[in-house]
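Given next are the chains, with one letter for each unit.
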Amino acid sequence: MSKKLLLKDAHIEGIRYFETYRKQGGYTAAEKALKMTPEEILEEVKVSGLRGRGGAGFPTGMKWSFLAKPEGVPRHLVVNADESEPGTFKDRYLMEFLPHLLIEGMLISSYTLGSNVSYIYIRGEYSWIPDILEEAIEEAKAAGFLGKNILGTGFDCEIYVQRGGGAYICGEETALLESLEGKRGNPRLKPPFPAVKGLWERPTVVNNVESIAAIVPIIDITGAEYAKIGVGRSTGTKLISACGNINKPGVYEIDMTITVEEFIYSDEYCGGIPNGKKLKACIPGGSSVPIVPANLLLKTVNGEPRYMNYESLADGGFATGTMMGSGGFIVLDEDQCVVEHTMTLARFYHHESCGQCTPCREGTGWMHKILKKIEKGEGKMEDIDLLWDIQRKIEGNTICPLGDAAAWPVAAAIRHFRDEFEWHVKNPELSQTQNYGLANY
Ligand code: NAD
Ligand code: SF4
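Okay, so let's go over this structure.

### Focus: the site of ligand 2
Link 1 in the chain: What surrounds ligand 2 is a group of 13 residues, the closest being Cys354, Gln356, Cys357, Cys360 and Cys400.
Link 2 in the chain: Most atoms of ligand 2, that is more than half of them, are within 2 Å of grid points of the largest cavity.

This is how it looks when you write it as structure tokens:
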């Protein structure tokens, strides 16, 4: 059984409210942290090995240490709660059921970074959650854990919740900052990184909800103890939102030592695939990471089991960058059609492109058009090569990672499931009435 750090109290009735959270030991990590120096806390976070839980897996302690500290310029902590990656809903769960864990993590982080005004930027579609967060903020303030002179330390901290307008691109940290400043959410060129020039050109740390929540157990048990959980550079626990063709969709906390097979088939997690169907493929880290066929998913190229962690999921030559991504684990059974699935994703990325870069603005549209054509049985063999060519021209040629995120799923689908694309071309009539999966298994 995986160790639980974040969700250990999630089942307790009323844990959303300050009184119950406090009874369970809530805010003791904050009390401990406020007696430490910011440098000591930063050291604990570095030692913990915590990697950003939004998707990129960038070491949190390192990001914090990059924060510029020019004399007399305010600094900010901004929590990225614009969780919009298809298949990802772990931050929603945390905010809905454990809002005080986030607020406590923000208090410790704001104190460490020297942010007197911190923000939560939350996705517009999570319309019921800002009220939960604002209530928790008020409760924490009434108990002296936010506001002026917190616990007599002289440290002041206010937290504000800002609702997004429903654009996926605002989850990209610089687009988020633009939006928070009241402008259209267009990504900025990096560098400069937000740690140097962020919100209103002030040094800013942008961290994911889960990353900030993880600061609480790190302070609680110490960074060294946190680092003992997990394996290699995949320390601590990770929330995974599991969905698709599984018996038990939901949010699970894992310690990154379990295998992918165990995660999919064990009753503790996904509980297997409905109706005893075979596993076809999986997208292990949200829609931006490449699709992986079952044979590579359950075993590595060396025949070793594949584990649910950053290193193991990225190994095998089929990935560009991290495969753990945002922890949005999407399972496809044998009946699913990869072409249709890829077309749906292409439509999404085309719709969400902000339009600043030509390769992304035009390329996502072309990929969607061609995939639609192939899926409907109206494609030619050359279209598959054209699709491959377009995705290659997008990758690495855009301002923000949305371009790559649109290109990678298409590349991986063609690389691993070219036979399905060819089946659609060769069977135009069948592909209008059947999907590849149902017709071939
Ligand atoms: P990134 O690798 O560019 O950056 C990661 C973080 O490290 C950023 O905060 C960046 O500012 C910081 N950083 C990197 N180098 C730095 C340096 N030299 N100095 C200072 N700071 C530095 O990745 P990203 O654009 O932040 O995120 C991409 C990931 O987001 C994708 O892999 C995808 O999985 C994920 N994603 C998640 C969601 C979601 O809903 N959770 C949605 C879309 C995408
Ligand atoms: Fe906008 Fe796409 Fe360019 Fe990102 S890659 S800045 S979403 S056009």
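### Topic: the packing of helix H3 (residues 38–48) against helix H6 (residues 99–113)
Link 1 in the chain: With their axes 8 Å apart at the nearest point, H3 and H6 run at an angle of 120° to one another. When the axes of H3 and H6 are compared, the pair comes out oblique. When the axes of H3 and H6 are compared, the crossing they make is left-handed. On H6, the residues touching Pro38, Ile41 and Leu42 of H3 are Ile108, Tyr111 and Thr112.
Link 2 in the chain: For the contact of H3 with H6, a count of residues per class yields five nonpolar, one polar and no charged.

### Re the site of ligand 1
Link 1 in the chain: In the region of ligand 1, 17 residues are neighbours, and Gly54, Lys63, Ser84, Glu85 and Glu173 sit closest.
Link 2 in the chain: Residue Ser84 places a main-chain N or O atom 3.0 Å away from an oxygen atom belonging to ligand 1.
Link 3 in the chain: One of the side-chain N or O atoms of Glu173 is found 2.5 Å from an oxygen atom in ligand 1.
Link 4 in the chain: Relative to its unbound accessible area of 850 Å², ligand 1 is 73% covered by the protein chains.
Link 5 in the chain: With respect to the detected pockets, ligand 1 is housed in the largest pocket.
Link 6 in the chain: Its residues assigned to classes, the shell around ligand 1 comprises seven nonpolar, five polar and five charged.

### Things to note about the layout of surface pockets
Link 1 in the chain: Reported here for the largest pocket is a volume of approximately 1400 Å³.
Link 2 in the chain: Around the largest pocket sit 50 residues that line it, and Gly54, Gly55, Ala56, Gly171 and Pro401 are the ones nearest its centre.
Link 3 in the chain: For the lining of the largest pocket, the secondary-structure elements that each account for two or more residues are strand E1 (76–81), helix H5 (90–97), strand E4 (204–208) and helix H17 (402–426).
Link 4 in the chain: For the lining of the largest pocket, the element with the most residues is E4, which contributes five residues.
Link 5 in the chain: Grouping the amino acids of the lining of the largest pocket by side-chain chemistry returns 19 nonpolar, 19 polar and 12 charged.

### What about the nonpolar core?
Link 1 in the chain: Counting residues in hydrophobic clusters, the biggest one holds 139 residues, and the most contacted among them are Ile120 and Phe263.
Link 2 in the chain: Sorting elements by how many residues they give to this core places H17 first, with 11 residues.
Link 3 in the chain: Apart from residues lying up to four places away in sequence, Ile120 is in contact with Val79, Ala81, Leu102, Ile103, Met106, Leu133, Ile159, Tyr160, Val161 and Gln162.

### Quick look at the sheet that holds strand E10 (residues 292–293)
Link 1 in the chain: Pairing is mixed in the open sheet, where five strands are placed in the order E8-E7-E11-E9-E10. Lying at the two open borders of the sheet, with one neighbouring strand each, are strand E8 (250–254) and E10.
Link 2 in the chain: Strand direction decides the pairing type here: strand E9 (residues 279–283) and strand E11 (residues 328–333), joined by four bridges, are antiparallel. By the bridge assignment for E11, Leu279 is matched with Asp333.
Link 3 in the chain: Contacting strand E7 (238–244) and E8, H5 crosses the sheet at an angle of about 115° to E7.

### Examining the sheet that holds E4
Link 1 in the chain: Ordered by their spatial adjacency, four strands build an open sheet running E3-E2-E1-E4, and the pairing between neighbours is parallel. Pairing within the sheet leaves two strands with one partner each, and these edge strands are strand E3 (158–163) and E4. Going across the sheet, the axis of each strand differs from the next one's by a mean of 20°, ignoring polarity.
Link 2 in the chain: Pairing geometry for E1 and E4, over five bridges, is parallel. Among the inter-strand pairings, Asn80 is bridged to a residue of E4, identified as Asn208.
Link 3 in the chain: Of the strands in this sheet, strand E2 (117–122) and E3 are in contact with helix H7 (residues 129–142), which crosses E3 at around 170°.

### Observations regarding the pattern of salt bridges
Link 1 in the chain: Inspection of the entire model under this criterion finds 27 salt bridges.
Link 2 in the chain: Its salt-bridge partner being Lys190, residue Glu173 comes within 2.7 Å of it at the nearest N-O pair. Of the two residues, Glu173 sits in helix H8 (residues 173–180) while Lys190 sits in the loop between H8 and E4, which places them 17 residues apart along the sequence.
Link 3 in the chain: With relative accessibility at 17%, the residue Glu173 sits in the buried group.
Link 4 in the chain: One salt bridge connects Arg361 with Glu362, and the closest N-O pair in it is separated by 3.0 Å.
Link 5 in the chain: Here Glu362 falls in the partly exposed class, since its relative accessible area comes to 38%.
Link 6 in the chain: The network of salt bridges with common partners includes Arg53, Lys90, Asp91, Glu210 and Lys238.

### A look at the packing of helix H15 (residues 358–375) against H17
To describe two helices that pack against each other, one gives the angle between their axes and the distance between the axes.
Link 1 in the chain: Two elements in contact, H15 and H17, have axes separated by 12 Å at closest approach and are oriented at 20°. Relative to H17, the element H15 lies roughly parallel. Crossing hand, H15 versus H17: left-handed. In this structure, H15 contributes Cys360, Thr364, Met367, Leu371, Ile374 and Glu375 to the contact, and H17 contributes Leu402, Gly403, Ala406, Ala407, Val410, Phe421, His424 and Val425.

Conventions used here
Residues numbered from 1 in each chain as written. Chains lettered and ligands numbered in written order. Predicted model: local features only at pLDDT ≥ 70, side-chain atom pairs only at ≥ 80, totals over all residues. Heavy atoms only, no water. Near = heavy atom within 4 Å. 1 Å grid on protein atoms, 1.4 Å probe; cavity = no way out; pocket = protein on both sides within 12 Å on 5 of 7 lines; lining within 4 Å. Sits in = over half its atoms within 2 Å of the grid points. Axes fitted to C-alpha atoms, helices over the stretch in contact; angles between N-to-C directions. Helix = DSSP H or I, 4+ residues; strand = E, 2+ residues; numbered from the N terminus. Parallel < 35°, antiparallel > 145°, perpendicular 65-115°, else oblique. Left-handed = near helix turned anticlockwise from the far one by under 90°. Contact = heavy atoms within 4.5 Å. Nonpolar A, V, L, I, M, F, W, Y, C, P; charged D, E, K, R; others polar. Polar contact = N/O pair within 3.5 Å; in protein donor to acceptor, adjacent residues only side chain to side chain. Areas by Shrake-Rupley, 256 points an atom, 1.4 Å probe, with all protein chains shown as cover. Points joined across faces, edges and corners; volume = space filled by probe spheres on them. Core = buried A, V, L, I, M, F, W, Y, C linked by side-chain atoms within 4.5 Å. Buried < 20%, exposed > 50% of the residue type's maximum accessible area, 1.4 Å probe, protein only. Pairing = 2+ DSSP bridges. Salt bridge = Lys/Arg side-chain N within 4 Å of Asp/Glu carboxyl O.

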